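# Structural overview for review
As a plain string of letters, each chain reads:
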Amino acid sequence: MVNVEDLIGRVRIYQPNVDAKLIGRAYEYSAKAHDGQLRKSGDPYFIHPASVAGIIADLRLDTASICAGLLHDVVEDTLATTADIEREFGGEIAELVDGVTKLSKINFTSKEDRQAENFRKMVVAMARDIRVLLVKLCDRVDNMRTLEHMKPEAQERIARETMEIYAPLANRLGIQAFKSELEDLSFRWLDPDGYTEVANAVQKTKKERDRYIADVCKTLSSRLAEQGFAADVTGRAKHNYSIWRKMKQQESTIEQIYDIIAFRVCVESVSDCYAALGVIHSKWTPVPGRFKDYIALPKPNMYQSLHTTVIGPGRERVEVQIRTSEMHRVAEQGIAAHWKYKEKGGGGIAQQDAEKFGWLRQLMEWQKDLKDPAEFLEGVKVDLFQDEVYVFTPTGEVRVFPRGATPVDFAFSIHSQLGEHVTGARVNGKLEPLRYKLRNGDVIEIVTSPNQAPSKDWLDFVGTTRARAKIRNFLRQEQRDKSLRLGRELLEREFQKSQISFSKFMKNDNEQRKCFESLKVGTQEELLIGIGYGKIDPRDVVHVVAPPQENGAASQPPEQLREGRLAGLVRKVIKRDEGGIRLNGIDDVLVRYARCCNPLPGDDILGFITRGRGITIHRRGCQKAFDTDPERRVEIAWDSKAKINRAVQLKIMTANRPGILATVGQTFNELGINISEANCRAGDDGKAVNVFTFVCSDLNQLKNVMKSLSKVQGVVAVERV
């Protein structure tokens, strides 16, 4: 366990005027508060906050962050309150602890929208003080290092959350050391077989690789020294998850993956970086298209380096990164490398450095446009994972976009009005369509037309959350306007049948208020839109305005038509196993399963009201589900009593060799699965793509099938279609 003297000593290395007494008090307070508590491993709980504080010290953060690391679990796990922390340690530390405590309560893989709403609120807190996120990252690193003591379901949940949110956040903050470690630790629990396969293969070639690294480092060092450069040359194998991702992207086995080894050359100045690049290229042949200049065009997380891939000794492809020592420190520590210390011991980030983290403020801007918190969280995940492409405006301003972005994304990044009227773009002087994928170095000039408007098709190819949100908002507003007109027509028609004056009703506030209260809407517009969407039956409005007679003779509608507020929304079906869905406690509703995501019992699902066709069921993470209007979405659940068998498809990438299909077919047979359709295609690259259709009862059965298939010798990847 990290003791208090060691902790203060680590901080004193980079902050000589550290407030040692304050850290000592926080250390004692936390140790006393957690006294008697144990971790899942059986160790004293205080080991965890002490370790987190040590990791924060390794990042070289300020005293307040160290204290927040020591106290981050006190409010959540002991009787102490935020007010107690503020009284003992001041407002700054209390705010950090409160922020980390709130962030800890968010379960990013939860089925409930309120968890996504909590994350939306936390984005605001993170943007206000980035230290909240840095402390939480250090907390997550320590928790991931001890994940083996958790239950299997908790291991998978925490690892997935780390892979989807925290590792990308570490990358966006520029902390490469955290990103690599969190990815590898998550990979270990999310795909134990894949992790073991990569780890064993890397270990098997370790001796040979170490010898190769030593030879290349020696050659590079001597070559650079001959040219008068003081250079520090190191080499390493890329981390396991990085290798695994390459295997998936290239649909290759580990033996077919090139440039697993990366070398780093640290020199004294920026001019030395470019000169060293020339020396390396004169020694070994560079691979065309594999040079990247992140010094002239730094990544948004402030990462700077020259990247080149060359054909090294033994015809091996090797990646070489060239940077200065300061660039290397920023690459490892990210935003923490830019921490400036004030004389009284406080800390902060220089304004020009803080401005480079504009993506946090962008998240705040997007959350104003996105009313649906789940949609916001989906957008955040997309933006965290982006691989950047750099383009220029006609005036020479650099703009950064995720790879795969289009002129539509470019237009919306400048202004919403420009995005809504974009018809194409001049790229490097040549006219290109809206679907054109932006490339590094492109000069983009947007072409517009006043008659152009966003189309639903645009959602299929845009690459940024901002553009997607703006297009969805435009389409939803258009849909609202149509529904408003339709609702007005339907209500007017129903009133005519009952001989009620529509115009007098629209002017009578008392009668409208009665309807609003009864039908639980807030305004006249909400009422009409609800009718247009099919959420409210116009007959229900008639029943409120002109209630049936007490004797019921003339006004009482037939029994089969008395559907309450859900009239016209859903229709009953006779057989339970045809639907298997419950809507607000009502079962046996008419449903359609979306073909785009093909949901299975066990999948987290969302319903979308379609006029006259009941409810369409999507998987919650389905892109098409987010394209629907939030007002037409309904919360639904699988009926646990229903027995449902659904056709699903798996895409299996295999090596193209004799007998592989028979082995895969035998695996299906052993699991009691009957293949109803198979589509197999061999490529020129020595691999085959096979799509199998079969009937499955639920998500657990599908997971078992996928796990068994991935273990088959020669199977490269298994994924759900």
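Residues numbered from 1 in each chain as written. Predicted model: local features only at pLDDT ≥ 70, side-chain atom pairs only at ≥ 80, totals over all residues. Heavy atoms only, no water.

### Digging into the overall build of the chain
Where we set the bar: Counting from the N terminus, the helices are DSSP H or I runs at least four residues long and the strands are E runs at least two residues long. Each residue gets one of three labels from its accessible area relative to the maximum for its type: buried under 20%, exposed over 50%, partly exposed in between, using a 1.4 Å probe on protein chains only. In what follows, a contact means two residues having at least one pair of non-hydrogen atoms within 4.5 Å. Computed by Shrake-Rupley with a 1.4 Å probe, the accessible areas treat only the displayed protein chains as cover when residues are assessed.
Each helix and strand counted, the chain has 30 helices and 24 strands in total. Buried positions account for 50% of the 721 residues belonging to the chain. In the chain, of all internal contacts separated by at least 6 residues, the share reaching a separation of at least 24 is 66%. For the chain, the accessible area works out to roughly 35300 Å², and carbon and sulfur atoms hold 48% of it.

### Remarks on the sheet that holds strand β13 (residues 444–448)
Heads up, the condition is: In this analysis, strands are considered paired if DSSP registers two or more bridges between them. For helices, the axis comes from a line fit to the C-alpha atoms of the stretch in contact; other axes are also lines fit to C-alpha atoms, and the angle between any two N-to-C directions lies between 0 and 180 degrees.
What the three strands build is an open sheet, ordered β12-β11-β13; its pairing is antiparallel. The open sheet terminates on both sides in strands that have one partner only, identified here as β12 (430–432) and β13. Strand-to-strand twist of the sheet, defined as the mean angle between neighbouring strand axes without regard to direction, takes the value 35 degrees. Contacts between helix α20 (residues 407–414) and the sheet are confined to β11 (422–427) and β13, with β13 contributing the most and set at about 85 degrees to the helix.

### Focus: the nonpolar core
The condition is simple: To form a nonpolar core, buried Ala, Val, Leu, Ile, Met, Phe, Trp, Tyr and Cys residues must be joined to one another through side-chain atoms within 4.5 Å.
Formed by 58 residues in total, the largest nonpolar core has its most connected members in Leu7, Ile23, Ile66, Ile93 and Phe178. Element by element, the count of residues in this core is highest for helix α9 (residues 131–145), at eight residues. If we skip the residues at most four places from it in the chain, Ile66 touches Leu7, Val11, Tyr14, Ile23, Ala53, Ile56, Ala57 and Leu61. Counting 25 residues, the second-largest nonpolar core is a separate cluster that includes Leu220, Ile295, Leu306 and Ile322.

### Details of the packing of aromatic side chains
Stated formally: Pairing of aromatic rings covers Phe, Tyr and the six-membered ring of Trp, with a centre-to-centre limit of 6.5 Å; geometry is then stacked below 30 degrees between planes, edge-to-face above 60, and tilted otherwise.
This model, assessed by the stated rule, comprises 10 aromatic pairs. Between Tyr29 and Phe89, the ring centres sit 5.4 Å apart and the planes meet at 85 degrees, which makes this aromatic pair edge-to-face. Of this pair, Tyr29 sits in helix α2 (residues 20–33) while Phe89 sits in helix α6 (residues 82–89), and the two are 60 residues apart along the sequence. Residue class for Tyr29 comes out partly exposed when judged on its relative accessible area of 22%.

### Concerning the environment of Leu173
Relative to the elements of secondary structure, Leu173 occurs in the loop between α10 (152–172) and α11 (176–190). As for Leu173 and Pro300, which are separated by 127 residues in sequence, their C-alpha atoms are 9.0 Å apart.

### Some thoughts on α9
What counts, and what does not: An expected span of 1.5 Å times one less than the residue number is assigned to each helix.
Taking 1.5 Å of rise per residue, 15 residues should cover 21 Å, and α9 covers 21 Å from first to last C-alpha, within 8% of that figure. With respect to burial, α9 is a largely interior element, 13 of its 15 residues being buried.

### Considering the confidence of the model for the chain
Selection rule: Confidence of the predictor at the level of single residues is captured by pLDDT, which takes values from 0 to 100.
Across the chain, the average pLDDT comes to 79, with 80% of residues at 70 or higher. Counting interchain partners and residues more than four positions distant, the pLDDT-below-50 stretch residues 110–115 has 11 contacts. Counting contacts from residues 556–579, a segment whose pLDDT is below 50, to residues more than four positions away or on other chains yields 46 contacts.

### Side note on the sheet that holds strand β24 (residues 715–720)
Taking strand neighbours across the sheet as the criterion, the four strands line up as β22-β23-β21-β24 in an open arrangement whose pairing is antiparallel. Strand pairing shows two members of the sheet lacking a second neighbour, β22 (675–682) and β24, which therefore form its edges. Direction aside, the axes of adjacent strands within the sheet are offset by 15 degrees on average. Here strand β21 (residues 646–655) runs beside strand β23 (residues 687–696); their pairing, made up of 10 bridges, is antiparallel. Across the sheet, Ile652 pairs through a bridge with Asn690, a residue of β23. Across the face of the sheet, helix α29 (residues 660–670) comes into contact with β21, β22, β23 and β24 while running at roughly 20 degrees to β23. Strands in contact with helix α30 (residues 699–710) are β21, β23 and β24; relative to β24, the strand with the most contacts, it is inclined by about 165 degrees.

### Observations concerning the pattern of salt bridges
Using the following cut-off: A pair is scored as a salt bridge if a Lys or Arg side-chain nitrogen falls within 4 Å of a carboxyl oxygen belonging to Asp or Glu.
Under the defined criterion, the tally for this structure stands at 19 salt bridges. Where Glu156 meets Arg160, a salt bridge forms, and the shortest distance between an N and an O atom there is 3.6 Å. Here Glu156 pairs with Arg160, and both are found in helix α10, just four residues apart, close to one helical turn. For Arg160, a relative accessible area of 33% translates into the label partly exposed. When salt bridges with common partners are traced through the structure, they connect Asp6, Arg10 and Asp58 into a single cluster.

### Looking at the pairing of β11
The pairing of β11 with β13 spans five bridges and is antiparallel. Counted as the bridge partner of Arg426 is Glu445 from β13. Bridge analysis of β11 against β12 gives three bridges, and the strand direction is antiparallel. Bridge pairing in β12 places Val427 opposite Lys430. Turn length for the β11-β12 hairpin, with the two strands adjacent in sequence and antiparallel, is two residues, and the turn residue Asn428 shows positive phi of about 55 degrees.

### Focus on the side chain of Asp272
Test applied: Residues counted as positive are Lys and Arg, residues counted as negative are Asp and Glu, and His and the chain ends are not counted.
Mapped onto the fold, Asp272 is located in helix α15 (residues 270–283). Despite its burial, Asp272 pairs with no opposite charge; the closest candidate is Arg323, at 14 Å N-O. Ignoring any residue separated from it by four or fewer positions in sequence, one finds Asp272 in contact with Phe229 and Val267.

### Structural notes on unusual backbone geometry
If you check the backbone angles, Arg315 has positive phi at about 60 degrees while not being a glycine. Take Arg315: it is sitting in the loop between β5 (306–311) and β6 (317–324). One non-glycine residue, Asn598, lies in positive phi territory at about 45 degrees. For Asn598, the position within the fold is in the loop between β16 (591–593) and β17 (605–609).

### Some points on helix α3 (residues 47–58)
Between its first and last C-alpha, α3 extends 17 Å over 12 residues, near the 16 Å set by a 1.5 Å rise per residue. Within α3, 10 of the 12 residues are buried, which leaves the element mostly enclosed by the surrounding structure. Where α3 is buried, its residues contact α1 (4–14), α2, α4 (63–71), α9 and α11. Arg60 sits one or two positions beyond α3 and adopts a positive phi of about 65 degrees.

### Structural notes on the pairing of β6
Buried residues dominate β6, accounting for seven of its eight residues. Examined bridge by bridge, strand β2 (residues 261–267) and β6 share six bridges and lie parallel to one another. Note on β6: the bridge partner recorded for Ala262 is Glu319. For β5 and β6, the ladder comprises six bridges, and the chain directions are antiparallel.

### Focus on the packing of α1 against α2
Quick reminder of the rule: In this scheme the crossing of two helices becomes right-handed for a clockwise turn of the near helix relative to the far one and left-handed for an anticlockwise turn of less than a right angle. Each residue is assigned to one class: nonpolar for Ala, Val, Leu, Ile, Met, Phe, Trp, Tyr, Cys and Pro, charged for Asp, Glu, Lys and Arg, and polar for all the others, Gly among them.
In the contact formed by α1 and α2, the axes pass within 10 Å of each other and the chain directions differ by 145 degrees. The way α1 lies across α2 gives a crossing that is right-handed. Seen from α1, the contacting residues are Val4, Leu7, Ile8, Val11 and Arg12; seen from α2, they are Ala20, Ile23, Gly24 and Tyr27. By residue class, the composition of the contact of α1 with α2 is seven nonpolar, one polar and one charged.

### Some details on the environment of Ser242
With respect to the helices, strands and loops of the structure, Ser242 is situated in helix α14 (residues 240–250). Among the residues examined, Ser242 registers a relative accessible area of 12% and is labelled buried. Along the chain, Ser242 and Glu183 lie 59 residues apart, while their C-alpha atoms are 8.3 Å from each other.

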